[in-house]
Amino acid sequence: MKVRLLTYTPHPIKAVFTAARTCYSPSTPTEIWSADAPKERMHSLIDKVIGAGHQSVLEHISLTFSIEGISRSCSHQLVRHRIASFSQQSQRHVKVKEGEWVLPPSIETNHSAWEIFQSTLKGIQGSYMRLIEMGVHPEDARYLLPNATWTHLVMTMNLRELYTVCEIRLCTRAQWEIRGVFEAIKEELTKVEDLKGFATYLQPICFHLGYCPEPKSCGLLPVKGSPTIS
Ligand SMILES: Cc1cc2nc3c(=O)[nH]c(=O)nc-3n(C[C@H](O)[C@H](O)[C@H](O)COP(=O)(O)OP(=O)(O)OC[C@H]3O[C@@H](n4cnc5c(N)ncnc54)[C@H](O)[C@@H]3O)c2cc1C
């Protein structure tokens, strides 16, 4: 899997600060923007507003990512997040080639399982290609293709949606592949000076609540209702 931040809203800290400050200031947004507040002051106000639960100001930052080489299984989980925009490589127009599939670690590390996985996928690939050679359009031949098949997509998400999605997809209850996508997204934000402060907001939900709301907890934090939660 390869995840890259392609582009994002210019001056993200200033955009969020201006939005947050506008709510409490007699100044206009243009005046707040032009005043060029120091970065520490901007971050301090943003932290306060986010800490108070007003995440809507994060909606003013848009982030566009390239996500390459994930399985169709993972992309199906990803596109359930409705407040994002997706453009995904089409299996109607692009033929799938042999080997373009994702191997789950639990299968990679189990030789017998790996043999079943490889031979089944090779068989499917052979049948897929035979259907295409017989004149079946790729859009119909693809009905044979497995969830493991690779896909590439571009995803645009605002930072508030990313905050909410990370709460569930960085949780250890999320599947390894989609968790890997959001770990890589967080890593991408840490590489950008103007975004690394926001990366610290991207945490599993237990970090925000101070307890685990899941019925089957990983044990990192106490579960809801435990005597250690007052
Ligand atoms: C561990 C795990 C297991 C899962 N298992 C299953 C499963 O077995 N079956 C299954 O179908 N799905 C499953 N899902 C997917 C899950 O049910 C959600 O569809 C997915 O996580 C998208 O999240 P969302 O709906 O909260 O938010 P998004 O679409 O990302 O939206 C973000 C937030 O915006 C708000 N919002 C968005 N749309 C609306 C709306 N129409 N009305 C009101 N508020 C809205 C909500 O507050 C929402 O939380 C699973 C997810 C996880 C993390």
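J.: Can you help me understand the overall build of the protein chain in this one?
T.: What the protein chain contains, in helices and strands, is 11 helices and four strands. On C-alpha atoms alone, the protein chain measures out to a radius of gyration of 22 Å, which is more than a quarter above the 17 Å that the 2.2 N^0.38 rule sets for 230 residues. Taking the principal axes of its C-alpha atoms as reference, the protein chain extends roughly 70 × 50 × 25 Å. The buried share of the protein chain, taken over its 230 residues, is 23%.

J.: Would you explain the site of the ligand in this entry?
T.: Taken together, Arg 80, His 81, Arg 82, Ile 83, Glu 161, Thr 164, Val 165, Ile 168, Arg 173 and Ala 174 are the residues near the ligand. Within the shell around the ligand, the residues separate by chemical class into four nonpolar, two polar and four charged.

J.: Would you mind going over the nonpolar core with me for this structure?
T.: Side chains of a nonpolar character, in soluble globular proteins, are inclined to be buried together. In this structure, Val 16, Ala 20, Leu 162, Val 181 and Phe 182 are the most contacted members of the largest nonpolar core, which totals 34 residues. Elements supplying a minimum of two residues to this core: helix H1 (12-24), helix H3 (39-51), strand E2 (62-71), helix H4 (72-78), strand E4 (150-158), helix H8 (159-169) and helix H9 (176-190). Each residue touching Phe 182, except ones within four places of it in the same chain, is listed here: Val 165, Cys 166, Arg 169 and Leu 170.

J.: Would you mind showing me how to read the domain arrangement of the protein chain here?
T.: Size of an interface, as often reported, equals the accessible area lost when the parts are brought together. Per the domain assignment, the segments making up the protein chain are domain 1 (2-68 + 151-209) and domain 2 (105-147). Distance from the C-alpha centre of domain 1 to the C-alpha centre of domain 2: 39 Å.

Cut-offs applied
- Residues numbered from 1 in each chain as written.
- Predicted model: local features only at pLDDT ≥ 70, side-chain atom pairs only at ≥ 80, totals over all residues.
- Helix = DSSP H or I, 4+ residues; strand = E, 2+ residues; numbered from the N terminus.
- Rg over C-alpha atoms; globule rule 2.2 N^0.38 Å.
- Buried ≥ 20, exposed ≤ 12 C-beta atoms within 10 Å, placed from the backbone.
- Near = placed C-beta within 6 Å.
- Nonpolar A, V, L, I, M, F, W, Y, C, P; charged D, E, K, R; others polar.
- Core = buried A, V, L, I, M, F, W, Y, C linked by C-beta atoms within 7 Å.
- Contact = placed C-beta atoms within 7 Å.
- Domains from an automatic or database assignment.

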